[in-house]
Amino acid sequence: MSNINNSILFTSLATGTTIMGVVRVDNLPLIQRYKSGTGQFVPNFEAIAENERPVVYPYLSDTRNGSVLIPSIVTFKYNSIVLTFDANGLCTNSGMTGAFKKITHAATISGRTYNIPAIRVMKNLVPYSSYDNDLITISGSVERQGRQLNFADLNKEVIIEESTGSQHDCIVTNNKGSQLLTANDSVVETATLYKDGVAVSDYSSYTFRWVKVLPSGDVIMSGSERTKTIVPSDVDSKLKLRCDIMSGGEVIASGFDEITDFSDPFDLLLPITGHPGTQFDEDGQSATVTPKVVERSSQAAQSGWAFTFYTKNNAGADFVLTGKSAASFAGTSAQITKEDVDRALQGLYLQCQASKS
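What counts and how
Residues numbered from 1 in each chain as written. Predicted model: local features only at pLDDT ≥ 70, side-chain atom pairs only at ≥ 80, totals over all residues. Heavy atoms only, no water. Helix = DSSP H or I, 4+ residues; strand = E, 2+ residues; numbered from the N terminus. Buried < 20%, exposed > 50% of the residue type's maximum accessible area, 1.4 Å probe, protein only. Contact = heavy atoms within 4.5 Å. Phe/Tyr/Trp six-rings, centres within 6.5 Å; stacked < 30°, edge-to-face > 60°.

With respect to the element layout, A107 can be found in strand β10 (residues 100-109). The exposure class of A107 is buried, given its relative accessible area of 0%. As for A107 and D26, which are separated by 81 residues in sequence, their C-alpha atoms are 8.3 Å apart. Among all residues touching A107, those that are not within four sequence positions of it are Y57, R112, T113, Y114 and I116.

This is the structure we're talking about:
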């Protein structure tokens, strides 16, 4: 049996080109903690050198061959508010003046440098958060063969938490832009541990557990080192990978990455109809996801594949859609409503697996 996996993390299908997009963050992660009743934040973004502060940008690629696409038009939003900038690139929105800076970021992907529109965090984000998690959303378009192809609602959560002592965070990065291009290719994943916003230098007391996060459940991989090599046989078109960092037998932090195998001859697309993108802002809104398998090189639709959907809430727990009896179900489409997203703690994660005997 052949399997292909995907999750609802990309949109835009036009004129034979499908754009896959994620939001990437370089330097420090988008996590900030505060001590209640004080102005103390960890890490303190404003006390860090500007070139070390978090940089947020869209990483777009053509699903046919993995080539990196540079957006020609980009809109950044913070909690659904469109960010505006002055001639120096600094944010001009009321109440958020100077909180972000629009820049051109030199991003390294698969050993090459690409100049991509981005925003840099300039101030501490806790004061803008109402002391709960926030959302950065990126949309825009890419010019292909004289036409503008849109991408929408690429999201990245800003984690805001009250400090309760020493805090740990894990960031997983790799050396090749999260993509495998040939059958003999490999990606080296590396986990970095942050303690109170500062990268740990001594890993001698920690062990690492690498896990495939599959729609059907977690699969623990071999090895307990800080790095993990991923090859095409590990990936069914797309793989969500998690690293659990452990101390004294307990998980103290987890980080994620998603790898795409562009050497796989088939790809699973998740087009959305009925709603422009994946973000809802009014009651009664809904979107229908209708998966299809295509040949990667030609984008020609393929027949004979069966689809199974898996749904989880914003905390990663199994979630049952309205009208369904379980968190997994077979079908040709899945309908997502704002009411279900709200019930799923304002974040609903849809995964799909295509299978063919």
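In the structure shown here, the tally under the stated rule is five aromatic pairs. Residues Y78 and F100 carry aromatic rings whose centres are separated by 5.2 Å and whose planes lie at 50° to one another, so their mutual orientation is tilted. Taken together, the positions of Y78 in strand β8 (residues 73-78) and F100 in strand β10 put the pair 22 residues apart, joining distant regions of the chain. Residue classification places Y78 among the buried residues on the basis of a relative accessible area of 1%. The exposure class assigned to F100 is buried, which follows from its relative accessible area of 0%. Between Y203 and F208, the aromatic rings sit 5.9 Å apart at their centres with planes inclined by 45°, giving tilted as the arrangement. When its relative accessible area of 4% is taken as the criterion, F208 is described as buried.

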